Amino acid sequence: MSRRIVLLGPPGAGKGTQAARVAADFAIPHISTGDLFRVEIAAGSELGKKAKGFIDTGDLVPDEIVLDMLAARISEPDVVSGFLLDGFPRTSAQAEALERRFEGGAIDLAVLLEVEEEELVTRLSGRWVCSNPKCSGVFHVLYSPPLVEGICDSCGAALVQRNDDKPEAIRRRLQEYASKTSAVIDFYETRGELVRVDSSGSVEDVASRIESAIDNAIPA
Ligand code: AP5
């Protein structure tokens with residue numbers, strides 16, 4: 001069965017953490033625009049060079065750049081089984097472009113992860129990620145520390161902090177979310193396609209809330 005799901009939420013809400021699990025459980029590709037940009041930046045591509053300045057300061061990348069990149073990714077064959085979009089759409093223009101791409105309704109469900117702002121800042125400022133661009137290891141100094149400090153459990157590469165997890169960039173990302181992405185929430189709520197999920201508590205508890213919400217909204 002094909003499922004097309006959008007995972008929304010502020011920076012640090014746990015989208016990447018949850019998307020990897022949920023996509024594997026529902027056997028659909030996990031498509032993160034943030035991860036796609038980070039791969040391009042690590043490769044030193046033209047697209048990566050265009051996006052890097054915006055990402056490092058915490059600004060959204062302009063719509064036309066994001067839309068070209070996303071259009072290419074959702075044209076790949078694995079998308080026939082559906083998809084879990086993480087970090088897209090983030091503006092009304094992106095949500096509308098996604099609707100135009102699919103006749104008869106682009107998505108089955110938008111899941112909004114909700115967490116208190118203080119907890120978002122704690123999650124982002126304590127996050128360490130694997131420096132190996134082929135590895136998706138993500139850790140947290142308090143909540144999910146690596147076995148050996150500074151080293152990725154999965155591949156043994158060094159852990160680093162993302163440039164946009166510095167305090168000033170975190171503030172800017174939260175502002176961008178409040179000013180631009182709230183319109184996307186309204187967009188899906190008006191269409192009756194939005195479900196809100198409490199993203200506080202353990203990773204396992206949040207995952208089971210998300211999966212119940214998906215099962216209720218899109219029965220197999
Ligand atoms: P992106 O990579 O999408 O960043 P984001 O939305 O700011 O989200 P994060 O990755 O920071 O957080 P998350 O919600 O995935 O949380 P995570 O699971 O890692 O985008 C980066 C940038 O790219 C944007 O700022 C923008 O510039 C650009 N961009 C991307 N898409 C774009 C678009 N569509 N349009 C324009 N620009 C775009 O968790 C965070 C931490 O908390 C981790 O350490 C994790 O271990 C921990 N954690 C997670 N869940 C829990 C839990 N339940 N309990 C305890 N700890 C937890």
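All residue numbers refer to position in the chain's written sequence, counted from 1. Since the coordinates come from a predicted model, pLDDT governs what is reported: local features require at least 70, and pairs of side-chain atoms require 80 or more to be given and counted, while whole-chain, interface and lining totals use all residues. The side-chain quantities take in all heavy atoms of the structure and omit both hydrogens and water.

K.L.:
Before we move on, could you go through helix H8 (residues 203-217) and cite the residues and values that matter?
P.N.:
Strands are runs of DSSP state E lasting at least two residues, helices are runs of H or I lasting at least four, and both sets are numbered from the N terminus onward. By definition here, a helix of n residues has an expected span of 1.5 Å times n minus one. Along its 15 residues, H8 runs 21 Å from first to last C-alpha, staying within 8% of the 21 Å computed at 1.5 Å per residue. Residues of H8 that are buried: Val206, Ala207, Ile210, Glu211, Ala213 and Ile214. Angular distribution of buried residues about the axis of H8 spans 155°; they occupy a single face of the element. The contact rule is simple, with two residues in contact once any of their heavy atoms fall within 4.5 Å. Considering only its buried residues, H8 is in contact with strand E1 (3-8), helix H1 (15-26), strand E4 (109-114) and strand E8 (194-198). Burial status follows relative accessibility: with a 1.4 Å probe on protein chains alone, a residue under 20% of its type maximum counts as buried, one over 50% as exposed, and anything between as partly exposed. By definition, the arc is the one covered by directions from the helix axis to the C-beta atoms.

K.L.:
Tell me what's going on with the site of the ligand, and back it up with residues and numbers.
P.N.:
Here a residue is considered near a molecule or strand provided that any single heavy atom belonging to it is located within 4 Å of it. In the vicinity of the ligand there are 35 residues, among which Thr17, Asp59, Arg90, Arg127 and Arg173 approach most closely. In this structure, an oxygen atom belonging to the ligand sits 2.4 Å away from a side-chain N or O atom of Arg90. The definition of a polar contact used here is a pair of N or O atoms within 3.5 Å, where within protein one atom must be able to donate a hydrogen and the other to accept one, and adjacent residues in sequence count solely through side-chain atom pairs. One nitrogen or oxygen atom from the main chain of Phe139 is found 3.1 Å from an oxygen atom belonging to the ligand. For the ligand, whose unbound accessible area comes to 1000 Å², protein coverage reaches 96%. Where the shell around the ligand is concerned, the elements lending two or more residues are H1, helix H2 (33-43), helix H6 (117-125) and strand E6 (138-140). Broken down by element, the shell around the ligand gets its largest block of residues, 4 residues, from H2. Grouping the amino acids of the shell around the ligand by side-chain chemistry returns 14 nonpolar, 12 polar and 9 charged. The accessible surface values rely on the Shrake-Rupley method and a 1.4 Å probe; as for residues, cover is taken only from the protein chains in view. Each residue gets one label: Ala, Val, Leu, Ile, Met, Phe, Trp, Tyr, Cys and Pro are nonpolar, Asp, Glu, Lys and Arg are charged, and the others, such as Gly, are polar.

K.L.:
Residues and numbers for the pattern of salt bridges, please.
P.N.:
Salt-bridge detection follows one rule: a side-chain nitrogen of Lys or Arg within 4 Å of a carboxyl oxygen of Asp or Glu. The full count for this structure, using the stated rule, is 19 salt bridges. Its salt-bridge partner being Asp164, residue Arg162 comes within 3.0 Å of it at the nearest N-O pair. Judged by relative accessible area, which is 16%, Arg162 ranks as buried. A relative accessible area of 7% places Asp164 in the buried class. Salt bridges here are not isolated pairs; linked through shared partners, they connect Arg127, Arg162, Asp164, Asp165 and Arg173.

K.L.:
Tell me about the packing of H1 against H8, and name the residues and values.
P.N.:
Fitted lines through C-alpha atoms give the axes, limited to the stretch in contact for helices. The angle between two N-to-C directions lies from 0 to 180 degrees. H8 packs onto H1 with a crossing angle of 50° between their chain directions and a minimal axis gap of 10 Å. Here H8 runs oblique to H1, going by the angle between their axes. Crossing handedness for the pair H1 and H8: right-handed. Together, Thr17, Gln18, Arg21, Val22, Asp25 and Phe26 of H1 and Val203, Glu204, Val206, Ala207, Ile210, Glu211, Ile214 and Asp215 of H8 make up the contact between the two elements. Its residues placed into classes, the contact of H1 with H8 shows 7 nonpolar, 2 polar and 5 charged. Comment on the angle field: the value is read as roughly parallel under 35 degrees, roughly antiparallel over 145, roughly perpendicular from 65 to 115, and oblique elsewhere. By convention the crossing between two helices is left-handed if the near helix lies anticlockwise of the far one by an angle smaller than a right angle, and right-handed if it lies clockwise.

K.L.:
Which residues make up the sheet that holds E6, and what are the values?
P.N.:
Judged by pairing direction, the sheet is antiparallel, and its 3 strands sit side by side in the order E6-E5-E7 without closing on themselves. Among the strands making up the open sheet, the edge pair consists of E6 and strand E7 (159-160). Direction of pairing for strand E5 (residues 127-130) relative to E6: antiparallel, over a ladder of 3 bridges. From the neighbouring strand, Trp128 faces E6, where its bridge partner is Phe139. Note on pairing: DSSP must find at least two bridges between two strands before they are called paired.

K.L.:
Quick rundown of the packing of aromatic side chains? Include the residues and the values.
P.N.:
Think of it this way: a Phe, Tyr or Trp ring, Trp meaning its six-membered ring, pairs with another when their centres are within 6.5 Å, and the plane angle makes it stacked under 30 degrees, edge-to-face over 60, tilted otherwise. Using the criterion set out here, one finds 2 aromatic pairs in the structure. Considering the side-chain rings of Phe83 and Phe102, the 5.8 Å spacing of their centres and the 50° angle between planes classify their relative orientation as tilted. One end of the pair, Phe83, is in strand E3 (residues 82-86); the other, Phe102, is in the loop between helix H5 (92-101) and E4, with 19 residues separating them in the sequence. Like Phe102, Phe83 is buried. Ring geometry for Phe187 and Tyr188: centres 5.1 Å apart, planes at 90°, overall edge-to-face. Side by side, Phe187 and Tyr188 carry an identical accessibility label, which is buried. It is Arg4 that lies over the ring of Phe102; its NZ or CZ is 4.2 Å from the centre. Two conditions define a charge located above a ring, namely a distance within 6 Å from the ring centre to NZ of Lys or CZ of Arg, and an angle within 35 degrees of the ring normal.

K.L.:
Can you tell me about unusual backbone geometry, naming the residues and giving the values?
P.N.:
Residue Pro89 is reached from Phe88 by a cis peptide bond, and omega for that bond is -5°. Assignment of secondary structure puts Pro89 in the loop between E3 and H5.

On their own, these measurements won't tell you what the molecule is for.
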